[in-house]
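What follows is the residue order along each chain.
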Amino acid sequence: MTTASPDPLALQATLVDFALAELVRQHRESFPPLWSQESWAKLLIWLALNCGCSGDEAGLKAFAEAIGPLQMGRLRRVFFERELGDLELQLMADPAEQQVFVLPQGPAEEVLANDRIARALERVALQESVVADQARWQRLDALVVVPWLEQR
């Protein structure tokens, strides 16, 4: 039995998708203040300028249109997520959301302990941006939501 050769365009698209996600992961902490809309905008401007776009509104708009809304959404998720393998937690901390989502990567009952979540928030420098009162953290079925501080 033979397998069909992969479609060259599909392979190219996958490679570009992979490369963009890795580029975002490598540079997402280079644009302070972290965990902010401003940081995300700085990364996009940096990407646009390095792709040869002008820094004016028209150039940045052309860059965003070229990436497209689906890819832009995926890159934004990569930018605002962190996986902490040793704690078996994934944090989704997009400032456009009302709270930070903490998802287990292991058995939820074991890994969604508040002390473990607090360590994760501290490790990624989110502890000053979220509500510290653990009584206000909300446990849903398989995740915990931690509210952002109001004065962000």
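Residues numbered from 1 in each chain as written. Predicted model: local features only at pLDDT ≥ 70, side-chain atom pairs only at ≥ 80, totals over all residues. Heavy atoms only, no water.

1. Comments concerning the overall build of the chain
Step number 1: Scanning the chain for helices and strands turns up 6 helices and 5 strands.
Step number 2: Its helices and strands taken in sequence order, the chain reads α-α-α-α-β-β-β-α-α-β-β from the N to the C terminus.
Step number 3: In terms of overall dimensions, the chain has C-alpha extents of about 55 × 50 × 20 Å along its principal axes.
Step number 4: For the chain, the proportion of its 152 residues judged to be buried stands at 34%.
Step number 5: By sequence separation, contacts in the chain at least 24 residues apart represent 47% of the contacts at least 6 residues apart.
Step number 6: Working note: accessible area of the chain is about 9300 Å², and carbon and sulfur atoms make up 55% of it.
Step number 7: Looking at the chain, you have 14 positive and 22 negative side-chain charges, and the mean spots of the two groups are 1 Å apart. (Helix = DSSP H or I, 4+ residues; strand = E, 2+ residues; numbered from the N terminus. Buried < 20%, exposed > 50% of the residue type's maximum accessible area, 1.4 Å probe, protein only. Contact = heavy atoms within 4.5 Å. Areas by Shrake-Rupley, 256 points an atom, 1.4 Å probe, with all protein chains shown as cover. Lys, Arg positive; Asp, Glu negative; His and termini not counted. Charge placed at Lys NZ, Arg CZ, Asp CG, Glu CD.)

2. Section: the state of the cysteines
Step number 1: Tallied over the entire structure, the rule returns 0 disulfides.
Step number 2: Cysteine Cys 51 is unpaired, with the sulfur of Cys 53 as its nearest cysteine sulfur at 6.2 Å. (Disulfide = S-S within 2.5 Å.)

3. Some remarks on the pairing of strand β1 (residues 81-84)
Step number 1: As paired strands, β1 and strand β2 (residues 89-92) are joined by 4 bridges and run antiparallel to one another. Note on β2: the bridge partner recorded for Glu 83 is Gln 90.
Step number 2: In textbook terms, the turn of a hairpin is the stretch between consecutive antiparallel strands, and for β1 and β2 this stretch comprises 4 residues, one of which, Glu 88, has a positive phi near 55 degrees. (Pairing = 2+ DSSP bridges.)

4. A few points about the packing of helix α2 (residues 37-50) against helix α4 (residues 69-80)
Step number 1: Two elements in contact, α2 and α4, have axes separated by 11 Å at closest approach and are oriented at 125 degrees. Taken together, α2 and α4 sit at an angle that is classed as oblique. The handedness of the crossing between α2 and α4 is right-handed. Residue-level contacts link Gln 37, Ser 39, Trp 40, Leu 43 and Leu 44 of α2 to Met 72, Leu 75, Arg 76, Phe 79 and Phe 80 of α4.
Step number 2: Of the residues in the contact of α2 with α4, the class split is 7 nonpolar, 2 polar and 1 charged. (Axes fitted to C-alpha atoms, helices over the stretch in contact; angles between N-to-C directions. Parallel < 35°, antiparallel > 145°, perpendicular 65-115°, else oblique. Left-handed = near helix turned anticlockwise from the far one by under 90°. Nonpolar A, V, L, I, M, F, W, Y, C, P; charged D, E, K, R; others polar.)

5. With respect to the environment of Glu 150
Step number 1: When you line up the elements, Glu 150 lands in the segment after β5 (143-147).
Step number 2: With relative accessibility at 73%, the residue Glu 150 sits in the exposed group.

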